[in-house]
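Residues per chain are reported as follows:
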Amino acid sequence: MQTSPRASTKVKALKTRAQQEQRLGWLLVLPSVVIILSLILYPIIYNMFLSLFTFDYSGQRSFVGFGNYAKVLADPEFRTALGTTILYVVLTTLGTTVLGVVVALALNKEFPLRGLVRSIVLLPYVAPVISVVFAWQFVFDPVNGIFMDIFHSKLGIFAERVNIVGDPNTAVWAAIVFSIWKNFPFIYLMVLSRLQAVDKTLYEAADVDGASSWQQFKAITMPEIYYVVSALILLRVIWNFNKFDEVYLLSSNVRVLSVYTYLKAFTGSMDFGQGATLAVLQFFILIGFILFYVKKVLKW
Amino acid sequence: MVKKRNIVKSTLFFLLIMAILFFCLFPFAQMLSLSLKYSWDWGNPSWIPSKVNLEAYKELLNIGGSLKDVPESVRLLLSESPDLTETQKEAILSKYQSTGDVFPFLKYFANSLMVAFLASLISVCLSILGAYSFSRLVFRGRSVVQRGVLFVYMFGGVLLLIPLYRIFAASGLLDTPAGTVVSLIIIYVVQTLPVSLYMLGNYFRTIPYSIEEAAMIEGLGRFGIIIRIIIPLSISAIVTVFIYCFMIAWNEYMFASIFLKSYKGLYTLPIGLKTLFVSKNAIWDRIMAASMLTAIPVMILFMSIQKNLTGGLAAGGVKE
């Protein structure tokens, strides 16, 4: 079949139009893609490469294969750091999630000045880590802090004033409390916006049927927020696992993996090889967890 | 009976709200109170200072303290020697002032402001183009790009620290102060770009396509559409994303601490504050005052965009 010349130019015009769109699409997104490829993806691969070398003081590298991995895995400090990280991640994720959900449920109810309360609750999350971290250090200060004032002087739970942040064995608990305080508003915000989307008539119907608040929570609210909360837990695990600032600035005594890596690579003998190895291990542990979680909990 | 239960219930609810507010606010109260206290007042658990002390703020903001540390004899000498030029006088004075005791808060503040501002500006400009591209234009590989962006914004931090440091050190950028600042700005652009792309992409999709079609019929090209339609229509989202990026860069400590290590004059606020804290000049009132002054700009920015930001955060554009 012959197409008329006019129709064929039209097809051609459409085709070049689509090609133009293609080209423009790539052109616009190109700067971002180049930056992300060269400064995120490439470094991740380069980091794996670096982990196969050892570096001397002048920065000269020599190939050691998996020597760094053998060293790191045999290092008791690494295992301690891994244990601390797991404790930190599990408890902070649990704490932020529970507190965030409870606060979201409370602030979803009607009460006077609700708008104001809702924005105040977000303050811990938006305040710069560096400024609130000192307030928390003072809270735990052994001499002047209110924590010791309450739990030693007033309640007598601690027999003597202890330096919680300064002691490597207890500092992790301060870091956990601080992280829960700092990050629960994030969970709260997400859960609240999900709660606002829940159909109110479901609760009205449940009321008519005489369901108690607890039954309503179990039968309506829980299923409604299940997926949001499970996705949020995943995000929090990823972020808390990689967390550096919040931990290190509160106390460098808390040796979670990221702090351990930082100290290994940039202080003392500046061991880039082992630092890179630690970062690679951290990356794979995280990927492993994400795959497991996505399959088992999110059931994708 | 029912009424009584209601009163009990609402009292409990009121107490719960109060507890939540207290939990959120007490570190801030602690910070403010301590910044206004004299050192003999620190052990006092009450948050209201026995006597208000504004010295820390004055010192940090450099109000009225510029001649305090200069010995009387030197001041006399300076005022009585007309032969000295202004620059010579200043040179003599600065010898007494720069004893390293003073925390150059305003300088660090300016550094932070510059780095965070430029990084978020670049990030927002690039992401307007990128986000428009993958929310509106059809091209091969679009979904790969979109998913890739989502993937990378899960990672970051320590994982990138060593390789990025090596890359920038090898490029020679870290050898000069200007190059170091440029590197840090690039790092912050990278850190914020995925969030910006994601948040703006989500927003652009909510703009009705018919407006653009109408403009195209009027003969406007794609760039014209971006500048004359998309940007004006989404200006609130753009400002929100800008401020969000600004906050990320303003708060960043890890990269700043590595990159700026050898350039004390370039310190941003987080690294400056940390240095102050571990130095011999660590005095609670000064640290707390500096913390307050670091937090205030961010708090003000946050309050100004809160409505948009919470919507944006809830739409899934977040990053830590």
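Residues numbered from 1 in each chain as written. Chains lettered and ligands numbered in written order. Predicted model: local features only at pLDDT ≥ 70, side-chain atom pairs only at ≥ 80, totals over all residues. Heavy atoms only, no water.

Visitor: Any chance you could explain the packing of helix α5 (residues 105–136) of chain B against helix α6 (residues 142–152) of chain B here in plain terms?
Guide: The description of two packed helices rests on the angle between their axes and on the distance between the axes. Residues and elements named next belong to chain B. Contact pair α5 / α6: the axes reach a minimum separation of 10 Å and the direction vectors enclose 130°. Our classification of the angle between α5 and α6 gives oblique. Our pair here, α5 against α6, has a crossing hand that is left-handed. Where α5 abuts α6, its residues F134, S135 and R136 lie against R142, V145 and Q146. A per-class count over the contact of α5 with α6 returns 2 nonpolar, 2 polar and 2 charged. (Axes fitted to C-alpha atoms, helices over the stretch in contact; angles between N-to-C directions. Helix = DSSP H or I, 4+ residues; strand = E, 2+ residues; numbered from the N terminus. Parallel < 35°, antiparallel > 145°, perpendicular 65-115°, else oblique. Left-handed = near helix turned anticlockwise from the far one by under 90°. Contact = heavy atoms within 4.5 Å. Nonpolar A, V, L, I, M, F, W, Y, C, P; charged D, E, K, R; others polar.)

Visitor: It is not clear to me how the UniProt feature "transmembrane region" (unreviewed entry) in chain B should be interpreted in this structure. Could you clarify?
Guide: In this structure's numbering, the residues bearing the UniProt feature "transmembrane region" (unreviewed entry) are residues 12–32, 108–132, 144–168, 180–204, 225–250 and 283–303 of chain B. Along residues 12–32 of chain B one finds 100% helix and 0% strand; the C-alpha atoms at either end are 29 Å apart. (UniProt positions renumbered as here; feature names shortened; annotations may be inferred.)

Visitor: Is there a simple way to think about unusual backbone geometry in this case?
Guide: Where the residue is not glycine, phi is negative for most of them; where a peptide bond is considered, it is trans in most cases. Residues and elements named next belong to chain A. Its identity as a non-glycine residue notwithstanding, L113 has a phi of 60°, on the positive side. Within the secondary structure, L113 sits in the loop between α3 (76–107) and α4 (114–121). Residue classification places L113 among the exposed positions, given a relative accessible area of 62%. (Buried < 20%, exposed > 50% of the residue type's maximum accessible area, 1.4 Å probe, protein only.)

Visitor: Could you clarify how one ought to interpret the interface of chain A and chain B in this entry?
Guide: How big an interface is tends to be stated in terms of the accessible area lost upon association of its parts. Each side of the interface is counted separately: chain A has 86 residues, and chain B has 88 residues. Both faces considered, chain A and chain B share a buried interface measuring about 7,800 Å² in area, 79% of it formed by carbon and sulfur atoms. For the pair chain A and chain B, the number of links is 1 salt bridge. The partner of A:E21 in a salt bridge is B:R222, and the shortest N-O contact between them spans 2.8 Å. (Buried area = accessible area lost by both parts, 1.4 Å probe. Salt bridge = Lys/Arg side-chain N within 4 Å of Asp/Glu carboxyl O.)

Visitor: Hey, could you run me through the packing of aromatic side chains in this one?
Guide: Summed over the entire model, instances satisfying the criterion amount to 44 aromatic pairs over all chains. Pairing A:F49 with A:F53 gives two aromatic rings, centres 4.8 Å apart and planes at 55°, and the pair type is tilted. Aromatic side chains A:F147 and A:F151 sit 4.6 Å apart centroid to centroid with 35° between the ring planes, which places their arrangement in the tilted category. Taken as a pair, A:F147 and A:F151 lie in helix α7 (residues 146–154) at a separation of 4 residues, close to a single helical turn. Clustering of aromatic rings is evident, with ring pairs tying together A:F55, A:F244, A:Y248, A:Y262, A:F266, A:F272, B:Y165, B:F168, B:Y253, B:F255 and B:F259. Taking the ring centre of A:F53 as reference, the NZ or CZ of A:R61 above it sits at 5.1 Å. Between B:R166 and the ring centre of A:F272, over which it is positioned, the NZ or CZ distance is 5.4 Å. (Phe/Tyr/Trp six-rings, centres within 6.5 Å; stacked < 30°, edge-to-face > 60°. Lys NZ or Arg CZ within 6 Å of the ring centre and 35° of its normal.)

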